[in-house]
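What follows is the residue order along each chain.
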Amino acid sequence: MHKSAQILPLCQRALASKTFGINISPRLSSLISRYRSTATATVEDNVTTAQTEVKKKAEIKPKETKSFAMNLFRGRVMSDEVFPYPEVLTNEQKEMLQALIDPTAKFFEEQNDALKNDALEKVEDHVMEGLKALGAFGLQVPEELGGVGLSNTQYARLVEIVGSHDLGVGITLGAHQSIGFKGILLFGTPEQKAQYLPKLASGENMAAYCLTEPASGSDAASAKCRAELSPDGKHFILNGSKLWISNGGLAEIFTVFAQTPVKDEKTGETKDKLSAFIVERSFGGVSNGPPEKKMGIKASNTAEVYFEDCPIPVENVLGEVGGGFKVAMNVLNNGRFGMAAALSGTMNYCIQKAIEHASQRTQFKKKLSDFGSIQEKIARMVMVQYVTESMAYMLSANMDQGATEFQIEAAISKVYASEAAWFCADEAVQILGGMGYMRDCGLERVVRDLRIFRIFEGTNEILRLLVALTGMNHAGEHLRQLQKALENPLANVGTLFGAAGTRAKRMAGMSTGLSLTQYVHKDLTTSADQTAKAIENFGFTVEDLLTKYKKNIINEQFILNRVSDSAIDIYAMVCVLSRASRSLSNGLESAKHESTICQVFCDEASQKIEKNLKLTHSAGSLKNYKQLAQISSDVMENNGTIQEHPLGF
Ligand code: MYA
């Protein structure tokens, strides 16, 4: 019998069981009641306040997306963006990139002195001029507007070089083009682009991205800066201040986010909403504080920026009035691959330092590289660098191919890269020992420079929540659709067939049949199976969590962090599986090495995922989370640690 013929009666019987009390198996009954409770509860939570609105919402079909990460939260594999590992550069683009790589690397080797920039707390003037001459300030600006016209993938390859030499210079360049004027590239009108991009591309004008404020960091939407329309309707008058702005003391052009009163056409009510503006320093009323004294990336300028009755012509609204939050988020989403690429270069630098030392230094009559402890460190550094590189170029390729929903992948790449780079730098210092701790070695600066990467462009804590909640919201919408479909099973055979079949198999302890082997090289079959099992397990865990916590899942940060870590590891597994498979299939010289990295990484990651997913629901871990929260609140209440000193006084 065809499978659909079996499943549909099951669903009908299930519905009948609720309505007419027909006996069905306990397994199936539990299956259906869980469908019902999930979806019903999600809808019912809102019904009390706005019944009709919610009904309307439930009727809206949830979005289908090609994003691998979004689909992961439904326990599904959407292979389009991840298998095979994308190759997006045309021959012409490759040639152009190859022509740029050597001069860029040579420039950094011969002209730039990272330690000197760090000591001076600025990028040396001749370096800035040299970078301008190289076109480094307008890498992604279209050629007709004076830029180099690079794709995201080409840009990634060049910032990787910057990241391997000097993160202070990287932030100066990145704050300018990865986020500073990215809004103009993404949302600017043709007039705004023509007016601003040429001088930004040449480096004549520097740009800065102004989102963070003294009282608004992670909670970006709570910004206090305000822009009110002038009585003649020609200008917005901007007031307020922005904090820790990279290039804040150097920029002429600022992308500024400020609250503006916006009238809701339906209700007639006026509310404050963020709007994005292109602000020129020359408009007047713009000033900045002194350069901040920082732990690292000292060569980059960071300053407070003040706006006092700054008149912004209405033509300088970026996107729509009230649409600033969307602009802000999209700029950040679009910039994060650059950070992953730059940090992949930094990791290469750290690995190089570590292996040079480990191959030369002899202790106990053996080279350091012959000791297992050092071998493990080097191998792990190499693995996380490989993962980061694979993620960065997967993401940049997806963006070049026109992907629009990559916010989870972008957040994952930023989190993974910043933590992997921190690990690499720390291990490199450990391998070099006392020498690594000395300033002249270079690693000391890198460690200081890297610390900020887990904090800015979205803290890793906020991005972990973004990953988990964006994915779970997507999965939740589909669960709601299932509830609707169950109310009219005959008209929704397709929806019910897939979902009920998967769930029923799971309830029976069977695999849902999810497989990745068709996408990977045969040498990586075990890794593919481990990844498929992790995806299946992940999807079921997400569904269980949504069923249990419903919309209150947003308050369960201990659990969301484990969900997010699992999503990060699964995406990492898929990136390396895909890339190593391509290398094997193409017969690359490095294929065997990549395959080994892939196998170890997938094996360890699959164990970590299994553990993390258990930690989302096991009684012991839930108890621990409560106790951890208790410990924290006790200490907060006491305004310090509580225990008596071991000496008793
Ligand atoms: S720049 C400052 C960095 N600051 C941040 O990153 C702020 C972090 N905060 C946030 O991102 C948001 O406030 C969060 C949302 C995420 C907390 N993509 O109700 P909501 C949608 C698309 O969740 P909130 C710096 O550090 C969401 O779906 N959409 O909002 C300089 C919802 O839509 P809808 C998104 O609770 C560093 C709506 O928005 C996203 O208020 C310098 C509301 O969502 C998203 N991401 O908070 C670095 N998020 O209403 C230099 C939310 O339709 C660069 N939404 O359901 C270096 C580069 C490397 C070097 C390069 C070398 C050349």
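Preceding this section is the structure that the text describes.
Residue positions are given per chain, counted from 1 along the sequence in the order it is written. Whole-chain, interface and lining totals are the exception, using all residues; otherwise, since this is a predicted model, local features are given only for residues with pLDDT of at least 70 and side-chain atom pairs are given and counted only at 80 or more. Excluded from the side-chain calculations are hydrogens and water; all other atoms, namely the structure's heavy atoms, are used.

Caption draft 1: Geometry of the site of the ligand. We call a residue near a molecule or strand when any one of its heavy atoms sits within 4 Å of it. Residues in contact with the ligand amount to 31 residues; listed here are only the nearest, Val-159, Ser-218, Asn-333, Glu-457 and Gly-458. Whenever a nitrogen or oxygen atom comes within 3.5 Å of another N or O atom, the pair is scored as a polar contact, on the condition that within protein one atom can donate a hydrogen and the other can accept it, and that pairs from neighbouring residues in sequence are kept only if both atoms are in side chains. Separating an oxygen atom of the ligand from a backbone N or O atom of Glu-457 is a distance of 2.7 Å. Areas reported here follow the Shrake-Rupley algorithm with a probe of radius 1.4 Å; residue values treat only the protein chains shown as occluding. Isolated, the ligand exposes 1,300 Å² of accessible area, and the fraction of that covered by the protein chains is 69%. Numbered from the N terminus, helices here are DSSP runs of H or I no shorter than four residues, and strands are runs of E no shorter than two. Looking at the shell around the ligand, the elements with two or more residues in it are α7 (152-165), α8 (167-180), α11 (324-360) and α16 (460-487). In terms of residue count, α11 provides more of the shell around the ligand than any other element does, eight residues in total. In this classification, Asp, Glu, Lys and Arg are treated as charged, Ala, Val, Leu, Ile, Met, Phe, Trp, Tyr, Cys and Pro as nonpolar, and every other residue, Gly included, as polar. A per-class count over the shell around the ligand returns 18 nonpolar, 11 polar and two charged.

Caption draft 2: The packing of aromatic side chains, seen in detail. Classification of ring pairs uses Phe, Tyr and Trp, with its six-membered ring standing for Trp, and accepts pairs whose centres are within 6.5 Å; under 30 degrees between planes counts as stacked, over 60 as edge-to-face, and the remaining range as tilted. Per the counting criterion, the structure on display carries 11 aromatic pairs. Comment: the charge-over-ring label is applied if NZ (Lys) or CZ (Arg) is within 6 Å of the ring centre and within 35 degrees of the ring normal. In this structure, Lys-366 packs its charged tip against the face of Phe-371, placed 5.0 Å from the ring centre. Across the ring face of Trp-422, the terminal group of Arg-451 is positioned such that the distance to the ring centre comes to 5.6 Å.

Caption draft 3: Up close: a negative patch on the surface. Any residue with relative accessible area above 30% and no salt bridge may belong to a patch, with like charges joined within 9 Å and the nonpolar Val, Leu, Ile, Met, Phe, Trp and Tyr side chains within 5 Å. Just to be clear on terms, a salt bridge is a Lys or Arg side-chain nitrogen sitting within 4 Å of an Asp or Glu carboxyl oxygen. In summary, the charge assignment counts Lys and Arg as positive and Asp and Glu as negative, without counting His or the chain termini. Charge positions come from single atoms, namely NZ of Lys, CZ of Arg, CG of Asp or CD of Glu. There is a patch of like negative charges on the surface, built from Glu-92, Glu-95, Glu-143 and Glu-144. By secondary structure assignment, the location of Glu-144 is in the loop between α6 (125-134) and α7. Only protein chains enter the calculation, and the probe is 1.4 Å; a residue is then buried if its accessible area is under 20% of its type maximum, exposed if over 50%, and partly exposed in between. Judged by relative accessible area, which is 69%, Glu-144 ranks as exposed.

Caption draft 4: Fine view of the packing of α11 against helix α15 (residues 443-451). To obtain an axis, a line is fitted to C-alpha atoms, over the contacting stretch when the element is a helix, and the angle between two such axes runs from 0 to 180 degrees between their N-to-C directions. Relative to each other, α11 and α15 sit at 150°, their axes nearing to 11 Å. The orientation of α11 with respect to α15, classified from their angle, is roughly antiparallel. Once α11 is placed against α15, the crossing between them reads as left-handed. On the side of α11, the interface is formed by Leu-343, Thr-346, Tyr-349, Cys-350 and Lys-353, while α15 contributes Leu-443, Val-446 and Leu-450. If an angle is under 35 degrees, it is roughly parallel; if it is over 145, roughly antiparallel; if it lies from 65 to 115, roughly perpendicular; otherwise it is oblique. Here a crossing is called left-handed whenever its near helix is offset anticlockwise from the far helix by less than a right angle, and right-handed whenever the offset is clockwise. In what follows, a contact means two residues having at least one pair of non-hydrogen atoms within 4.5 Å.

Geometric descriptors of this kind do not, in isolation, establish any biological role.
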